[in-house]
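Listed below, chain by chain, are the residues.
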Amino acid sequence: MASKVLIAEDEANIAELLRFLLERVGHTTRWVADGKSVLDVAREWQPDVLVLDLMLPSLSGFEVLKAVRSDPAIAGLPVLMLTAKGQEKDRRLAEDLGANAFVTKPFSNTDVLSRVAALATG
Amino acid sequence: MVAAAPIGFRIKQRRRDLGLTQAGMAQNLGISASYLNLIEANKRTIGGRLLQQIAQQLDLDFDSLTGETERRLMAGLSEAASEPSMRQAGVDPASVPDFVGRHPAWAAALLATLRLGRAQEQTVAALSDRLAQDPVLSDALHRVISHVTAIRSTAEIIEGGDALPTEMRERFDAIIGEESGKLAEAAQGIVRYFDASEPGSTSGIPSEEVDDNFIANANHFPALELAGDEMRKTLDSIAGGLDAALADYLQNAHGIAVRATSTKRADGMQYRNQARFDPASRTLEILDNASPSTRRFQMAHLAAHLFAADAIAEAVAAGRYSSDAARDWAKRALASYTASACLFPYEAFLQDAEHLRYDIEMLRQRYAASFEQVAHRLVTLRRAGASGVPFGFLRADPAGSLSKRFPLPGLPIPRSGTGCPLWAIYNAFQTPDRLVRQVAQFPNRARFLFIAHTVTRRPTRFSEPPFLRSVMLICDTIFADRTVYADGLDLSARGVETPVGPTCRLCPRKDCQHRAEAAIVPL
């Protein structure tokens, strides 16, 4: 199912690759590189899935996630968190804050695609 | 307290070296031979004029005779002998004076070696902290992972075998080239940073090993929660309230009598946490000045040992402990956990905590519990799918040492020794019995809410110094608004936070006027 996927990632090459992968299977994507823009774009564009990197400038991925969950306009947005390998503690914190799924960097492309698809179809 | 220096040995040895008889020397000193015999056997302490006379008789200077060097040696070795590893090796602290008197050079060499070992242990712990918390390293590793991610993802696309337009193919080749270069650069940076140093990090100290195992389990043991719930059901089936039920359970299920012992007759040293179980007489003695919450917890602790013996043994077996002493310590800690799970049932306590917005004073009243008991329980509310606010926990003594620590993700606290002098846990000692809150910002910009309060380990008489400790709960400021402790705080305002560090030896703040120790890495 084609969905709208918002990508929040500060590494331009990774963002470009994610967009390529997702668009190739029919999704529409938009990309933001800092935490503050995520909220603005999410409210305005109403994506089906947010792919959210943990390490973002201005607002961290945790802060963005908390803000998403406390904003009634986007509180139900499914969030796929990108966390770093070996950082189990980050994953626990993200779970506490309401992340729906996780992909560990370095990720496999098929893993990202299947998780986005699962979140998009609810 | 260090035993008296073995002056007697030195007097006896010197007298013999000079060829004097005990009777002859006693006569010269104007004392009886039997009294000199007692002095030489270290059974009489002497001083003042008699000591000066003996020094004169033996042609020794006063300081050599009083044995100041030996006294220092004994102080150091006595301290070392009381450490768990030495106790485990069968070292008897009472033999220190004899050892120092007979082999002073060996004693000095042993003490120097032990001190060197301790210093190196601290360095290893500090370097281990640095590995875990260093912001430079953390940033470097993040960059490595990002570059590897880009390379892996690109490689998968290229390998996928799909026909890619030339322009796209060239773009992906460029990404691999660019990211590979950055990866090599980041890896070289890490190598340069470490400069080939490779510290290890094993503790061997029972209390630290127990803390480490609790941390590895995220402070939550589902099997013990289950055991605590079952124990509570058993107690609830007994009439007469929780305290009576605990006493009844111990008596009827295990033949253990609970008895109050007068503090006038008891040797307080034998009562860990104001209670002692005597297996021979099947009696749990609780000091009569113990608070009701302590009394209840001590009964629950013993009951948990017996009720949940298998679950506790399994949890110990599943942990990583290097000695029997550590396993014993773990058994006690896990029994406390089970007791806590019984006295503060998970679901009800979590519901109350959320409803009362983690107001510890209100929870204390609701559960007739102490501050420390409530704080401890809050830390364990980590059940998957039904967790509370993630709290860390620290306990400190007035000398600054951290005697218990359950860290949080991203919270840079040292593995051993003291914390930052600016932490609320230390401020709390200045206002005993009053809660201190603080928004603390660490050098890596992580912000945490600190909630500290002193606790009295046991009541003391007027003539004794108070037995205070300070307990601190810690939560990421991101969760602070779920607690009453953020009320009235504008967490987004500038200047609301206190700039703190992990501990002076790990702290990179150059301009801190509270620095008590140089940083281990030059600033």
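Residues numbered from 1 in each chain as written. Chains lettered and ligands numbered in written order. Predicted model: local features only at pLDDT ≥ 70, side-chain atom pairs only at ≥ 80, totals over all residues.

### Here's the deal with the overall build of chain B
Alright, step 1. Tallying secondary structure elements over chain B gives 21 helices and 11 strands in all.
Alright, step 2. Burial status across chain B gives 34% buried among its 523 residues.
Alright, step 3. Taking as baseline every contact in chain B between residues at least 6 positions apart, the subset at least 24 positions apart corresponds to 65%. (Helix = DSSP H or I, 4+ residues; strand = E, 2+ residues; numbered from the N terminus. Buried ≥ 20, exposed ≤ 12 C-beta atoms within 10 Å, placed from the backbone. Contact = placed C-beta atoms within 7 Å.)

### A word on the overall build of chain A
Alright, step 1. Scanning chain A for helices and strands turns up five helices and five strands.
Alright, step 2. Each helix and strand of chain A, ordered N terminal to C terminal, gives the series β-α-β-α-β-α-β-α-β-α.
Alright, step 3. Counting over 122 residues, chain A shows a buried share of 43%.
Alright, step 4. In chain A, the proportion of contacts linking residues at least 24 apart, taken out of those at least 6 apart, comes to 59%.

### Quick look at the pairing of strand E3 (residues 49-53) of chain A
Residue and element names in this part refer to chain A.
Alright, step 1. Most of E3 is tucked away: five of the five residues are buried.
Alright, step 2. Alternating residues of E3 divide into Val 49, Val 51 and Asp 53 and Leu 50 and Leu 52, and every residue in both groups is buried.
Alright, step 3. Strand direction decides the pairing type here: strand E1 (residues 4-8) and E3, joined by four bridges, are parallel. Residue Ile 7 lies in a different strand from E3, and its bridge partner there is Val 51. (Pairing = 2+ DSSP bridges.)

### Things to note about the interface of chain B and chain A
Alright, step 1. With 19 residues of chain B in contact, the opposing surface of chain A contributes 20 residues.
Alright, step 2. Only helix H10 (135-159) and helix H11 (166-194) of chain B provide two or more residues apiece to the side of chain B that touches chain A.
Alright, step 3. Per-element tally for the side of chain B that touches chain A: the top contributor is H10(B), with 11 residues.
Alright, step 4. In the side of chain B that touches chain A, the residues fall into nine nonpolar, six polar and four charged. (Nonpolar A, V, L, I, M, F, W, Y, C, P; charged D, E, K, R; others polar.)

### A few points about the packing of helix H15 (residues 292-307) of chain B against helix H17 (residues 324-343) of chain B
Residues and elements named next belong to chain B.
Alright, step 1. One can describe the packing of H15 onto H17 by two numbers: an axis separation of 8 Å at closest approach and a directional angle of 115°. Compared by their axis directions, H15 and H17 come out roughly perpendicular. As for how H15 packs across H17, the hand of that crossing is right-handed. Contacts from Arg 296, Phe 297, Ala 300, His 301, Ala 304 and His 305 of H15 reach H17 at Ala 335, Ser 336, Thr 338, Ala 339, Cys 342 and Leu 343.
Alright, step 2. The residue inventory of the contact of H15 with H17, partitioned by class, reads seven nonpolar, four polar and one charged. (Axes fitted to C-alpha atoms, helices over the stretch in contact; angles between N-to-C directions. Parallel < 35°, antiparallel > 145°, perpendicular 65-115°, else oblique. Left-handed = near helix turned anticlockwise from the far one by under 90°.)

### Section: unusual backbone geometry
Alright, step 1. The linkage connecting A:Lys105 with the following residue, A:Pro106, adopts the cis geometry, with an omega of -5°.
Alright, step 2. A positive phi is found at B:Asn42, a non-glycine position, where the angle reads about 60°.
Alright, step 3. Summarising the element assignment, B:Asn42 is placed in the loop between helix H3 (33-40) and helix H4 (48-57).
Alright, step 4. Here B:Asn42 falls in the partly exposed class, since 19 other C-beta atoms lie within 10 Å of it.

### Quick look at the sheet that holds strand E1 (residues 257-261) of chain B
Residue and element names in this part refer to chain B.
Alright, step 1. Read across the sheet, three strands follow the order E1-E3-E2 without closing on themselves; strand pairing throughout is mixed. Only two strands of the sheet have a single partner each, and these edge strands are E1 and strand E2 (275-278). Within the sheet, the average angular offset between the axes of one strand and its neighbour, ignoring direction, is 25°.

### Remarks on the packing of helix H2 (residues 22-29) of chain B against H4(B)
Residues and elements named next belong to chain B.
Alright, step 1. Running from amino to carboxyl end, H2 crosses H4 at an angle of 125°, the nearest separation of the two axes being 10 Å. In terms of orientation, H2 and H4 fall into the oblique class. The handedness of the crossing between H2 and H4 is right-handed. Counting all contacts with H2, which are made through Met 25, Asn 28 and Leu 29, the residues of H4 involved are Gln 53, Ile 54 and Gln 57.
Alright, step 2. In terms of residue class, the contact of H2 with H4 is built from three nonpolar, three polar and no charged.

### Examining H17(B)
Alright, step 1. Helix length check: H17(B) (20 residues) gives 28 Å between terminal C-alpha atoms against 28 Å at 1.5 Å per residue, within 8%.
Alright, step 2. The complete set of buried residues in H17(B) reads B:Ala326, B:Trp329, B:Ala330, B:Leu334, B:Ala335, B:Tyr337, B:Thr338, B:Ala339, B:Ser340, B:Ala341, B:Cys342 and B:Leu343. (Expected span 1.5 Å × (residues − 1).)

### As for the pairing of strand E9 (residues 447-456) of chain B
Residue and element names in this part refer to chain B.
Alright, step 1. Of all 10 residues in E9, seven are buried, a share of seventy percent or more.
Alright, step 2. Sheet topology note: the strand E8 (residues 436-441)/E9 ladder contains six bridges and is antiparallel. Bridging across to E9, Gln 441 finds its partner in Arg 447.
Alright, step 3. Linkage of E8 to E9, two consecutive antiparallel strands, is achieved through a turn of five residues, within which Arg 445 is found at a positive phi near 75°.

### Comments concerning the environment of B:Leu235
All names here are of chain B.
Alright, step 1. Locating Leu 235 in the fold gives a position in helix H13 (residues 222-236).
Alright, step 2. On the basis of neighbour count, Leu 235 is assigned to the buried category, with 21 C-beta atoms found within 10 Å.
Alright, step 3. Sequence separation between Leu 235 and Asp 248 is 13 residues; the distance between their C-alpha atoms is 8.8 Å.

### A closer look at the confidence of the model for chain B
All names here are of chain B.
Alright, step 1. Across chain B, the average pLDDT comes to 85, with 91% of residues at 70 or higher.
Alright, step 2. Here residues 196-202 is a poorly scored stretch, pLDDT under 50, and it has seven contacts once near neighbours within four places are set aside; other chains count.
Alright, step 3. With pTM at 0.62, the complex prediction returns an ipTM value of 0.78. (pLDDT = per-residue confidence, 0-100.)

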